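Okay, here's what each chain looks like letter by letter:
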Amino acid sequence: MSTIETSTVTGLDTVSYPRAARSRRWLLPAGRVAVPVVALLLWLVLAPLTELVPAPIPTVKEAWDGFATGWIYPGIQATASAVFTGFALGTAFAFPAGYLLGRSRYLNRVFEPLITGTFAIPRIIVYPILLTLFGVGFQAETGMVAISAFFPIVMSTAAAVRQASRTLLKLGRSLNASRAQIAMKIVIPEVAPGIMVGIRIGFSISFIAAIIAEFFAAKEGLGLMISRAHAGLDLPRMYAIVLLVMIAAFGGNMILWWAERRLRRS
Amino acid sequence: MQRTGVVLDRVGVVYTTNDGGSLEAVRDVSGVVADGRFVSLIGPSGCGKSTLLDVVGGLLRPARGGVVINGEQVSGPRRDTAMVFQEDSTLHWRTVVGNVAFGLEIAGVGRREREARARDVIKLVGLAGFEDRHPRELSGGMKQRVAIARALLLDPRIMLMDEPFGALDQQTRMFIGRELLRVWEETRKSVLFVTHDIQEAVYLSDEVWVMSARPSVIKSKIAVDLDRPRAPGTMGSRRFHELTSEVWELLRVESEKALDASGELRTTP
Amino acid sequence: MNRTSSGGGTLLLRPPLVRAALVLAVVAVLEAAARGGLVEPLVMPPPSVMFARLVEIVRSGPFVTDLVVTGATVATAFGLGGLVGLMIGILFWRFPFSGAVFEPYLVSMYSMPTIVFYPILLAVFGLGTKPIMIIASTMALIPVALNTMVALRAIPPTLPKLARSLNCTRLQTYRKVLAPAAVPMVVPGLVLGFIYAVIGTIAMEFILASRGLGYRTGFFYRSFEIADMYAYILVISIVAIIVNVGLNYFERRIRRDMQ
């Protein structure tokens, strides 16, 4: 358990380079912006060398057309609704479960080995079960997303709640606070940034799960559109969707990361 | 039995250790904190002072004996006791007002009333002007004042203070101790105050209870006959030195016992 | 009220027993539901049938082939991803500015559905284990790189100072001081990297392979051999649990020996 927590919680939080920041403040943001710019330039230069990759301009134009003519909307709508519904469903189960595991040593000792022990199972292999249960479509995909989001959120929430200050818990007990008051007024606000880590990871995994599920079997969605474009050798369209998916994943993660940092500061 | 004040009646506490054994923390403690009195508990580290405070606060059920407050047996946390802890217990996401009003909020008092009352107590503890600050903008001493204000606002019969200044530096500690006395003179709550600082105990208290090493009993109760209100000059007086030496003599024997039991003194093979 | 409780009361309420009882109860309920006709056999066969199939499958030749293919892909993906991850981690530590520039992108790779690149990889490498291996190794690389970087940064500055005061050569400093100091934090990254290699490989096989454990699960779903499909899901789960438990044991031993 500990390995997973440390490795997922570190990363972005460790970015602090006082020396670079003090001497030339603009250098770091400039460097970060340069990364996608250089990648784009490389793409521009290398694209003509191979037939496997379309040039950036037709790709971006195809993406633009997707919104202008609307061919992309059904895909976005299908994927987004599966992601959001599944994520909400998974969180609705995972958050209370994680809270209870974090608060009760006994429950934790019963269930923690089950959750960490199954950590290495690729969740996608249960997708066929959902498909036999619900048939191909929104329900099976949503279920897949919910299952994928469940585990990281349970683990992060339990880990965060376990960090709640013993002094504040004692304060709560001395004030005769109810269990609900201790949860809502002490523990959850106190460990909110840690809970947010789980939300962020859970959301990212929801998105990945939806795309993978759509690659395997779906009626609609961006993942399906990519494999169709691939099968039809429509390379600009394929790359346009890939580009959009990457931007969406990156953007979503950045927004949630920003929210997390704001919570940490308060 | 006494009708008012806090009565500790042959309290004994036994912990179950993780390997299933048992550890006797407190053997037999009796005593009375009369209404409006300031009583300090002092003893070697690990002697069960905080444990005893938890029992009075209703957070821990004793194995033997019991505590009676105002004629009622303590069976859980009560409205007429309020605790102040050594560690920072401010809620970092709330302002000073939100922190001070927290106890009343849990008790279900409406927002307007509890915040108005909180502002009065904030002035009393000398935090006027800091009402809307967050704990991260306050020093350690100010955070402890917030905790004291939160306890005072509950208007308890007795304040249970568990080394509230233990984490502060010496100067802050002396200063905030004087402030505590000023507030206490105004409010005249009963106080049960845990500390390991002899001067602090004598300076603040009406009575100092000196506890033995674990399993603890009360070795001696020393009445502090220094005039009130205490002034900075009190600490230079002869009587003050006599009292602190008396406490130190009692404590020295017990501390050696405690250290000996923990192996700390066995420096030579 | 009391904080004196410890082992969880009576023998019957011991966590491992309760856990085992819960798992058995779930299996029993599924068995009863399937046998009682509550669940159609086409949706879910009784667990006893799954286990019977599982035993037959594990003894069969194709299973061994699949296991070897998957195992080899995982091993190569981990080897490649682990090596590159270590190198990236060391580079980001040695050159903090490059670390600061690239770190947000590296962390964001966690949230990327890297699978969307498979058509490109397919075009470049053709159908086979290579595209799978590459995607799995990029997944394995991230935790290795991040943990390595954090581990190296966490080394107290007195240690390199000590090495200098002893006139250590560069190689000696790395081998005898820095590496051992970083190992307790690098190992969890490697363990996580291995687990990601397993997850990535099986998930990719599930979608785009023609061999391997992941592929077989999807294959049985598509050919409506539901009992075999469940048996394969069970097999993968059991293999993954064994790998995970083994790695955790290994990690705990390393950490104990090192600290």
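Given the structure is predicted, the values throughout are model-derived calculations rather than measurements.

Quick word on the overall build of chain A
Stage number 1. When helices and strands are tallied, chain A shows 13 helices and zero strands.
Stage number 2. Principal axes of the C-alpha set define a box for chain A whose edges measure 70 × 60 × 30 Å.
Stage number 3. Sequence-distant contacts in chain A: of pairs separated by 6 or more residues, those separated by 24 or more amount to 76%.

A few points about the overall build of chain B
Stage number 1. Secondary structure assignment for chain B yields eight helices and ten strands.
Stage number 2. Dimensions along the principal axes, computed over C-alpha positions, put chain B at roughly 60 × 45 × 40 Å.
Stage number 3. In chain B, buried positions account for 42% of the 269 residues.
Stage number 4. A sequence separation of at least 24 residues applies to 70% of the contacts in chain B between residues at least 6 apart.

Structural notes on the sheet that holds strand β2 (residues 22-33) of chain B
Residue and element names in this part refer to chain B.
Stage number 1. Here we have ten strands laid out as an open sheet, ordered β5-β4-β1-β2-β10-β9-β3-β8-β7-β6, and mixed in their pairing. Taken across any chain shown, the strands that pair with only one partner, and hence form the sheet edges, are β5 (72-73) and β6 (81-84).
Stage number 2. Where strand β1 (residues 6-16) and β2 come together, eight bridges link them in antiparallel fashion. Considered in β2, the bridge of L8 is made with G31.

Examining the pairing of strand β4 (residues 64-69) of chain B
Residue and element names in this part refer to chain B.
Stage number 1. Of the strand pairs in this sheet, β1 and β4 are connected by five bridges, and their pairing is antiparallel. What sits directly across from L8, in β4, is V67.
Stage number 2. Strand direction decides the pairing type here: β4 and β5, joined by two bridges, are antiparallel. Each residue of the ladder has a partner; that of V68, found in β5, is Q73.
Stage number 3. Taking the residues that link successive antiparallel strands as the turn, the β4-β5 hairpin has two residues, and the phi of N70 there is positive, at about 55°.

Topic: the pairing of strand β10 (residues 216-223) of chain B
Residue and element names in this part refer to chain B.
Stage number 1. Here two bridges tie β2 to β10, and the two strands are oriented parallel to one another. Opposite V26, over in β10, you have S216 as the bridge partner.
Stage number 2. Where strand β9 (residues 207-211) lies against β10, five bridges are found, and the strand directions are antiparallel. Considered in β10, the bridge of V208 is made with I222.
Stage number 3. The loop that links β9 with its antiparallel partner β10 comprises four residues.

Notes on unusual backbone geometry
With the exception of glycine, the majority of residues adopt a negative phi angle, and the majority of peptide bonds are in the trans configuration.
Residues and elements named next belong to chain B.
Stage number 1. Here the bond from R214 into P215 is cis, since omega is -10°, no more than 30 degrees from zero.
Stage number 2. In this fold, P215 is placed in the loop between β9 and β10.
Stage number 3. With a phi angle near 45°, R10 is a residue other than glycine that sits in the positive phi range.
Stage number 4. Turning to its location among the elements, R10 is positioned in strand β1.
Stage number 5. Residue R10 is classed as exposed on the basis of its C-beta count, with 12 C-beta atoms lying within 10 Å.

Considering the environment of G31 of chain B
Residue and element names in this part refer to chain B.
Stage number 1. Note that G31 resides in strand β2.
Stage number 2. Assessed through the 17 C-beta atoms surrounding it within 10 Å, G31 is described here as partly exposed.
Stage number 3. Measuring from C-alpha to C-alpha, the distance between G31 and H241 comes to 25 Å, with 210 residues separating the pair along the chain.
Stage number 4. Once you skip the residues sitting within four places of it in the chain, G31 turns out to touch L8, W209, I218 and K221.

Some thoughts on the confidence of the model for chain A
Residues and elements named next belong to chain A.
Stage number 1. Model confidence for chain A is summarised by a mean pLDDT of 87, while 91% of its residues fall at 70 or above.
Stage number 2. Per-element confidence in chain A ranges from a low mean pLDDT of 36 for helix α1 (residues 2-9) to a high of 96 for helix α5 (residues 73-103).
Stage number 3. Within the model, pLDDT remains below 50 along residues 1-18, and this stretch shows 32 contacts once partners closer than five positions in the same chain are excluded.

A short note on the nonpolar core
If you look at soluble globular proteins, the nonpolar side chains tend to sit buried side by side.
Stage number 1. Counting 218 residues, the largest nonpolar core has I212 of chain A together with L192 of chain B as the members making the most contacts within it.
Stage number 2. No other element matches helix α8 (residues 170-208) of chain C, which puts 19 residues into this core.
Stage number 3. Ignoring sequence-local partners within four residues, the contact set of I212 of chain A consists of I124 and G223 of chain A together with P113, I115, A203 and I207 of chain C.

Notes on helix α12 (residues 222-231) of chain A
Stage number 1. With eight of ten residues buried, α12 of chain A lies mostly within the body of the structure.
Stage number 2. Listed in full, the buried residues belonging to α12 of chain A are L222, G223, L224, M225, I226, S227, A229 and H230 of chain A.
Stage number 3. Its buried side turned inward, α12 of chain A meets α5, α11 (192-216) and α13 (235-265) of chain A together with α5 (118-125) of chain C.
Stage number 4. One or two positions beyond α12 of chain A, positive phi appears at L233 of chain A, with a value near 55°.

Quick word on the interface of chain C and chain A
Stage number 1. With 55 residues of chain C at the contact, the number on the chain A side is 51 residues.
Stage number 2. Within the residue set of the side of chain C that touches chain A, elements represented by two or more residues are α1 (15-35), α4 (96-108), α5, α6 (129-153), α8, α9 (213-222) and α10 (226-258) of chain C.

Looking at the confidence of the model for chain B
Stage number 1. In this model, chain B carries a mean pLDDT of 89, and residues with pLDDT of at least 70 account for 96%.
Stage number 2. Per the prediction output, this complex has pTM 0.86; the corresponding ipTM is 0.88.

Quick word on the packing of α6 of chain C against α8 of chain C
Residue and element names in this part refer to chain C.
Stage number 1. Running from amino to carboxyl end, α6 crosses α8 at an angle of 160°, the nearest separation of the two axes being 7 Å. Taken together, the axes of α6 and α8 are roughly antiparallel relative to one another. Between α6 and α8 the crossing geometry is right-handed.
Stage number 2. Across the contact of α6 with α8, the residue classes tally to 24 nonpolar, seven polar and one charged.

Structural notes on the packing of α5 of chain A against helix α8 (residues 138-162) of chain A
All names here are of chain A.
Stage number 1. Contact pair α5 / α8: the axes reach a minimum separation of 6 Å and the direction vectors enclose 30°. Considering their axes alone, α5 and α8 lie roughly parallel with respect to each other. The element α5 and its partner α8 pack so that their crossing is right-handed.
Stage number 2. In terms of residue class, the contact of α5 with α8 is made up of 22 nonpolar, nine polar and three charged.

A word on the environment of G137 of chain A
Stage number 1. When you line up the elements, G137 of chain A lands in the loop between α7 (127-134) and α8.
Stage number 2. Distance in space between the C-alpha atoms of G137 of chain A and L89 of chain A is 17 Å, their sequence separation being 48 residues.

Remarks on the environment of T85 of chain A
Stage number 1. Mapped onto the elements, T85 of chain A comes out in helix α5.
Stage number 2. Each C-alpha atom, one on T85 of chain A and one on F138 of chain A, is 9.8 Å from the other, the two residues being 53 residues apart in sequence.

Conventions we followed
Residues numbered from 1 in each chain as written. Chains lettered and ligands numbered in written order. Predicted model: local features only at pLDDT ≥ 70, side-chain atom pairs only at ≥ 80, totals over all residues. Helix = DSSP H or I, 4+ residues; strand = E, 2+ residues; numbered from the N terminus. Contact = placed C-beta atoms within 7 Å. Buried ≥ 20, exposed ≤ 12 C-beta atoms within 10 Å, placed from the backbone. Pairing = 2+ DSSP bridges. pLDDT = per-residue confidence, 0-100. Core = buried A, V, L, I, M, F, W, Y, C linked by C-beta atoms within 7 Å. Axes fitted to C-alpha atoms, helices over the stretch in contact; angles between N-to-C directions. Parallel < 35°, antiparallel > 145°, perpendicular 65-115°, else oblique. Left-handed = near helix turned anticlockwise from the far one by under 90°. Nonpolar A, V, L, I, M, F, W, Y, C, P; charged D, E, K, R; others polar.

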